[in-house]
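One letter stands for each residue in the lines below.
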There are 2 protein chains.
Amino acid sequence: MEFSQWLVASRSCVEAALREALSERCPIVSSGAGRRGDSILREAMAYAVLNGGKRVRALLAIAAGEAVGANASWCAQVGAAIECVHAFSLVHDDMPCMDDDALRRGQPTVHVTYGEAQALLVGDALQTIGFELVADLDAPSDRVVRLVRSMARATGLKGMAGGQAVDIEAVGQTMGQTDLESMHALKTGALILSAVEMGAICGDPPAFEMTALERFARCIGLAFQVADDILDVSADAATLGKTPGKDAAANKPTFVALLGLTGAQDYARGLHQEALDALTPLGERASRLGDLARMLVQRSH
Amino acid sequence: MEFSQWLVASRSCVEAALREALSERCPIVSSGAGRRGDSILREAMAYAVLNGGKRVRALLAIAAGEAVGANASWCAQVGAAIECVHAFSLVHDDMPCMDDDALRRGQPTVHVTYGEAQALLVGDALQTIGFELVADLDAPSDRVVRLVRSMARATGLKGMAGGQAVDIEAVGQTMGQTDLESMHALKTGALILSAVEMGAICGDPPAFEMTALERFARCIGLAFQVADDILDVSADAATLGKTPGKDAAANKPTFVALLGLTGAQDYARGLHQEALDALTPLGERASRLGDLARMLVQRSH
C-alpha cells in the first residue's frame, strides 16, 4: 500500500472511532422547549474534535502498533483517545486566559462559537472521554492499565500541563536551547511519546523494541516543534489554518529566535535523521513510522 | 470506634494519600533564577486540594469499602483520586467564565491567587492525577479498569461535566423538580455515586450488595444537594466558607425555590430515610455509611 493510501485508510479508522465516541457514547438527551446544556456540550465537543485535524498523534500510535504487530482496532481506539486529549488541550489553549486565539484549523475556536463556559467544559469532558476510550478497550486488563498510566503521565503535571505552565511563565523571559527543549519535551513531546508508546503497548513488544520506539518518538516530537516554529514565521494564515506570527508577537522563545531560520531548518533535518536511525532495530515493519517522520518534518502546514 | 474517631482516622489516610500524590509524584523541578511554571503549577494544585476540605466523597468510598470488606489502603487511594476530580471541578467552577467566585473554603480561589491561566491548568492536571492515582493502584488489573471506567463515566459528559453544562444553560429558565433532580444527578450525584461504587469495586461484592449501595448513593447524592440549597439560603459566609445566596442571586433553580424552606427540609429527611433503608441488606457493616448519611443531611456547613 502506498503511504498516501495508508494515510487515508488510517485516518478513516480514527475518524470512525472519534465519531462513535462522540455520538454513541454521548446521545443527544434533550428535546422539547429550550435546549439542554449537555446537548450543546456534546455538539461543542464534536465541533472541537471532528474538524479535519491531521491526526498526527493517532497516526503515530497506529504506525507504532504496526511496527510491533499490534491489534489494529485497539490502536485506532487508542489513537482516537489521544486525539481527544490533544483536542482538549487545544480548546483550553485557545481560551482568552491562555493564548486567546480566535482561529483554529481555519474555523472560529470553541469559545468563540460556544462561549467560554462551554469551552472550559468541552476541554474537561474531552480529557475524560480520552480516558474512557482507553478504559473501554477490549484488550487484556493489564495492558489497559499500562495504557491509562502512559496517557496520564503524558497529560498531567509531568507532561503536557506542566509544559504549558512553563510556557505561561516563560513569556518575555530569556530561555536557552536546553530550557526550550525541556519545555517542549513536556508541552508537546510527552503526548507524542505517549502516542508511540501506547500503540506499542497494544502489541506488547520486547524491551529493546520499546526503547527504539521511545528514542524515535523523542526525536520526532522535538523535530515536530522545531517545524512548528519554522512554520510560524514562514507560512500565512490560509496555509496554516491558524494565526501565524503569534509566538514572536507574544515574545515567546522559539527555535527560530534561538538558531535563526536556516539553523532551525538544519536542526529539524538532523533530528529527522536521528529518528530514522532509531528505527533500525525494527526493520521494515517500522516503515510507516519513517514515512510519518518525513511528513512531519517536511510538512508545509 | 466512635464515628468521630473514624472520621479523623479516615480523613488522615486520605490527606496522606493526597499529600503523596502532590509531592512524591510532582517534585518541584525548578531552581535558580526565575521560577519555572510547572513548579508554580504544582504549588497551585496543592493549594487547590490540601485546603481542609471535608473529603465527603473519599469518606463515602472508604465507608463503602468497609461495608464490603475491601482493602482499606486501596479505598483511601481511590478516595484521594475522587477528591482530585472533585477539586478540579471546583477550581474550574470558580473561574470568572463560570461562577466567578472569589472565595472557597474561606480562602481566595485558585484563579484569584494564581491567575486564570494557571487555574485552568490546575483543574486540567488535577483531573489527570485522579486517573493516574487509580491506574497506579496496586490492585488486580481488571478491578483497576472497572475503577477507571466508573470514574470516567461520572466525570464526563454523562456525569459531572454534562450536569454543569445543563446548569449553565438553565440560568433564568423555569425548571420543574424532575429536571432539577436530573441536573443534580449529573452535576453532583454522579461523582457521589461513583465514590460509593469505586469503594465497593475495591471489595468486589455480590450484585445485590452493589445494587443496595448504588441505591443508597443516589438518595444521599440528591439529599446532599437539597441540603446544599438549604444552606445557601440559611447560612452565612463565615459558616459556609463561600459566598452564600449566590444561587438565588444568579437566578438559578433550587429545591428551596421549588419546595420552600420547610418543604426542602422535609424532602431531605425523606431521602435520608430512604438511603438508610437501602443499606438494610448490608447489615451492621454498613453502619459508617449510615453515619455519613446523617452527617451530610444534618450538616450546618
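Residues numbered from 1 in each chain as written. Chains lettered and ligands numbered in written order. Predicted model: local features only at pLDDT ≥ 70, side-chain atom pairs only at ≥ 80, totals over all residues.

1. Things to note about the overall build of chain A
Here is the rule: Numbering of helices and strands runs from the N terminus; a helix is a DSSP stretch of H or I covering at least four residues, while a strand is a stretch of E covering at least two. This radius of gyration counts C-alpha atoms alone. The globule rule is 2.2 Å times how many residues there are, raised to the power 0.38. Residue burial is a threshold on neighbouring C-beta atoms within 10 Å of the residue's own C-beta, all placed from the backbone, with 20 or more meaning buried, 12 or fewer meaning exposed, and counts in between meaning partly exposed.
Counting its regular elements, chain A contains 14 helices and 2 strands. Radius of gyration (C-alpha) of chain A: 19 Å, near the 19 Å computed for a compact globule of 301 residues. Here the C-alpha coordinates of chain A stretch approximately 60 × 45 × 35 Å along the principal axes. A buried classification covers 57% of the 301 residues belonging to chain A.

2. Remarks on the packing of helix 13 (residues 255-278) of chain B against helix 14 (residues 287-298) of chain B
For any two helices packed against each other, one specifies the crossing angle of their axes together with the interaxial distance. Residues and elements named next belong to chain B. Keep this limit in mind: To get an axis, a line is fitted to the C-alpha atoms, and for a helix only the part in contact is used. The angle between two axes follows their N-to-C directions and goes from 0 to 180 degrees. In this scheme, roughly parallel covers angles under 35 degrees and roughly antiparallel covers those over 145, while 65 to 115 is roughly perpendicular and the rest are oblique. Distance between backbone-placed C-beta atoms decides contact: two residues are in contact if it is within 7 Å. When residues are grouped by polarity, Ala, Val, Leu, Ile, Met, Phe, Trp, Tyr, Cys and Pro land in nonpolar, Asp, Glu, Lys and Arg in charged, and all others, Gly among them, in polar.
At a minimum axis distance of 10 Å, the contact between helix 13 and helix 14 shows a crossing angle of 175 degrees. With respect to helix 14, the element helix 13 is oriented roughly antiparallel. Residue-level contacts link Ala268, His272, Ala275 and Leu276 of helix 13 to Gly290, Ala293 and Val297 of helix 14. When its residues are assigned to classes, the contact of helix 13 with helix 14 shows 5 nonpolar, 2 polar and no charged.

3. With respect to the relation of the copies chain A and chain B
The pair of chain copies shares a relation made of a rotation about an axis and a shift along it. To keep things clear, this is the line we draw: For the least-squares superposition of copies, only C-alpha atoms count, and only for residues with pLDDT at least 70 in both.
With an axial shift of 0.0 Å and an RMSD of 0.0 Å, the rotation relating chain A to chain B amounts to 180 degrees. What we have between these two chains is a two-fold relation. Within chain A, the C-alpha atom positioned nearest to the axis of rotation is that of Ser141 of chain A, 2.6 Å from it. Counting the interface residues of chain A, we find that 100% of their copies in chain B are interface residues as well, pointing to one common contact surface.

4. Quick word on the interface of chain A and chain B
The interface is formed by 50 residues belonging to chain A together with 50 residues belonging to chain B. No other element matches the 13 residues that helix 6 (residues 116-135) of chain A contributes to the side of chain A that touches chain B. Looking at side-chain class alone, the side of chain A that touches chain B contains 24 nonpolar, 12 polar and 14 charged residues.

5. With respect to the environment of Asp93 of chain B
Residues and elements named next belong to chain B. Tracing the backbone through its elements, the reader meets Asp93 in helix 4 (residues 72-93). Taking C-alpha positions, Asp93 is 25 Å from Ala76, a pair spaced 17 residues apart along the chain. Among residues more than four places away in sequence, those in contact with Asp93 are Met98 and Asp99.

6. Details of the nonpolar core
Cut-off, in case you're wondering: For this entry, the nonpolar core is defined as buried Ala, Val, Leu, Ile, Met, Phe, Trp, Tyr and Cys residues connected by C-beta atoms within 7 Å.
Val148 and Ala223 of chain A together with Val148 and Ala223 of chain B are the most contacted members of the largest nonpolar core, which totals 215 residues. Among residues more than four places away in sequence, those in contact with Ala223 of chain A are Ala268, Leu271, His272, Ala275, Leu296 and Val297 of chain A.

7. Brief notes about the packing of helix 3 (residues 56-67) of chain A against helix 14 (residues 287-298) of chain A
All names here are of chain A. The contact between helix 3 and helix 14 brings their axes to 8 Å, and the two run at 155 degrees. Between helix 3 and helix 14, the interaxial angle falls into the category roughly antiparallel. From helix 3, Val56, Leu59, Leu60, Ala63, Ala64, Glu66 and Ala67 reach across to helix 14, where they touch Arg288, Leu289, Leu292 and Leu296. The residue inventory of the contact of helix 3 with helix 14, partitioned by class, reads 9 nonpolar, no polar and 2 charged.

8. Notes on helix 8 (residues 160-170) of chain B
Of all the 11 residues making up helix 8 of chain B, 10 are buried; the element is thus mostly covered by neighbouring parts of the structure. Those residues of helix 8 of chain B hidden inside the fold are in contact with helix 2 (37-49) and helix 6 of chain A together with helix 4, helix 7 (141-155) and helix 9 (177-201) of chain B. Of the residues trailing helix 8 of chain B, Gly172 of chain B is marked for its positive phi of about 80 degrees.

9. Looking at unusual backbone geometry
Residue and element names in this part refer to chain B. Of note, the phi angle at Asp100 is positive, near 50 degrees, even though the residue is not glycine. Relative to the elements of secondary structure, Asp100 occurs in the loop between helix 4 and strand 1 (103-104). Despite not being glycine, Arg105 shows a phi value in the positive range, around 50 degrees. The topology assignment puts Arg105 in the loop between strand 1 and strand 2 (107-108). For Arg105, a count of 14 C-beta atoms within 10 Å gives the class partly exposed.

10. Quick look at the environment of Ala48 of chain A
Residue and element names in this part refer to chain A. Topologically, Ala48 is positioned in helix 2. Owing to 27 C-beta atoms within 10 Å, Ala48 belongs among the buried residues under this scheme. The spacing of Ala48 and Leu126 is 78 residues in sequence and 9.1 Å in space, taken between C-alpha atoms. What Ala48 contacts, discounting residues up to four positions off in sequence, is Ala87, Val91, Val110, Val122 and Leu126.

11. Some words on the confidence of the model for chain A
Worth spelling out the cut-off: What pLDDT conveys is the predictor's confidence in a given residue, as a value from 0 to 100.
Per-residue confidence for chain A averages 91 on the pLDDT scale, and 91% of its residues sit at or above 70. The complex model carries a pTM of 0.94, and its ipTM stands at 0.93.

12. Some words on the environment of Leu193 of chain A
Relative to the helices and strands, Leu193 of chain A resides in helix 9 (residues 177-201). In contact with Leu193 of chain A, other than residues within four places in its own chain, are Ala154, Glu214, Ala217, Arg218 and Gly221 of chain A.

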